[in-house]
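Residue-level structural notes
So the chains spell out like this:
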Amino acid sequence: MIEWRIQKRVDEQFQAFVTGFNELIPPDLVNVFDERELELLIGGIADIDINDWKKHTDYRGYEETSPVIQNFWQVCYPRHWFITSILLKAAL
């Protein structure tokens, strides 16, 4: 039942997507990239406004001055786009 819900239920749609994707970009060109590189090629680099993110963060039991929160923002601020994007995805 789980296999049907996760995989087989959408298999027809997934195969149609793969067929269309392969018409645009041949598989031998895509296979040289790992999943992160392919995501970057397709989606590009998002400009993450860290100040806006910080302004709208709900710390839920923490204060903005808590050491763990300060450390978190220190990791984000050097503008390591890849690390920041992973942190943002994890925070959502």
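The rules behind these values
Residues numbered from 1 in each chain as written. Predicted model: local features only at pLDDT ≥ 70, side-chain atom pairs only at ≥ 80, totals over all residues. Heavy atoms only, no water. Polar contact = N/O pair within 3.5 Å; in protein donor to acceptor, adjacent residues only side chain to side chain. Helix = DSSP H or I, 4+ residues; strand = E, 2+ residues; numbered from the N terminus. Core = buried A, V, L, I, M, F, W, Y, C linked by side-chain atoms within 4.5 Å. Buried < 20%, exposed > 50% of the residue type's maximum accessible area, 1.4 Å probe, protein only. Phe/Tyr/Trp six-rings, centres within 6.5 Å; stacked < 30°, edge-to-face > 60°. Patch = residues over 30% accessible without salt bridge, like charges linked within 9 Å, V, L, I, M, F, W, Y side chains within 5 Å. Areas by Shrake-Rupley, 256 points an atom, 1.4 Å probe, with all protein chains shown as cover. Salt bridge = Lys/Arg side-chain N within 4 Å of Asp/Glu carboxyl O. pLDDT = per-residue confidence, 0-100.

A word on helix 4 (residues 35-43). The residue sitting at the N-terminus of helix 4 and contributing the capping side-chain oxygen is Asp34; that oxygen lies 2.8 Å from the backbone nitrogen of Glu37. Backbone geometry just after helix 4 places Gly44 at a positive phi near 75 degrees.

Time to look at the nonpolar core. Among the nonpolar cores identified, the biggest contains 7 residues, and these are Ile48, Ile50, Trp53, Tyr59, Ile69, Trp73 and Cys76. Secondary-structure elements contributing two or more residues to this core are helix 5 (50-55) and helix 6 (67-76). Here the element with the most residues in this core is helix 6; it accounts for 3 residues.

Here we come to the packing of aromatic side chains. Applying the stated criterion across every chain yields a total of 4 aromatic pairs. Their ring planes at 80 degrees and their centres at 5.6 Å tell us that Trp53 and Phe72 sit as a pair that is edge-to-face. A residue pair is termed long-range when its members are at least 10 positions apart, and Trp53 in helix 5 and Phe72 in helix 6 qualify at 19 residues. You can call Phe72 partly exposed: its relative accessible area is 27%. Their ring planes at 85 degrees and their centres at 5.2 Å tell us that Trp53 and Trp73 sit as a pair that is edge-to-face. Residue Trp53 is found in helix 5, and its partner Trp73 is found in helix 6; the two are separated by 20 residues along the sequence. Residue Trp53 is classed as buried on the basis of its relative accessible area of 15%.

Further remarks concern a nonpolar patch on the surface. Taken together, the side chains of Val32, Phe33, Leu41 and Ile42 make up a nonpolar region of the molecular surface, amounting to roughly 410 Å² of accessible area. Secondary-structure assignment places Leu41 in helix 4. Judged by relative accessible area, which is 53%, Leu41 ranks as exposed.

Here the protein averages 82 in pLDDT, and 88% of its residues register 70 or above. At the level of individual helices and strands, the protein shows its lowest average pLDDT in helix 7 (residues 81-91), which scores 69, and its highest in helix 2 (residues 11-24), which scores 91.

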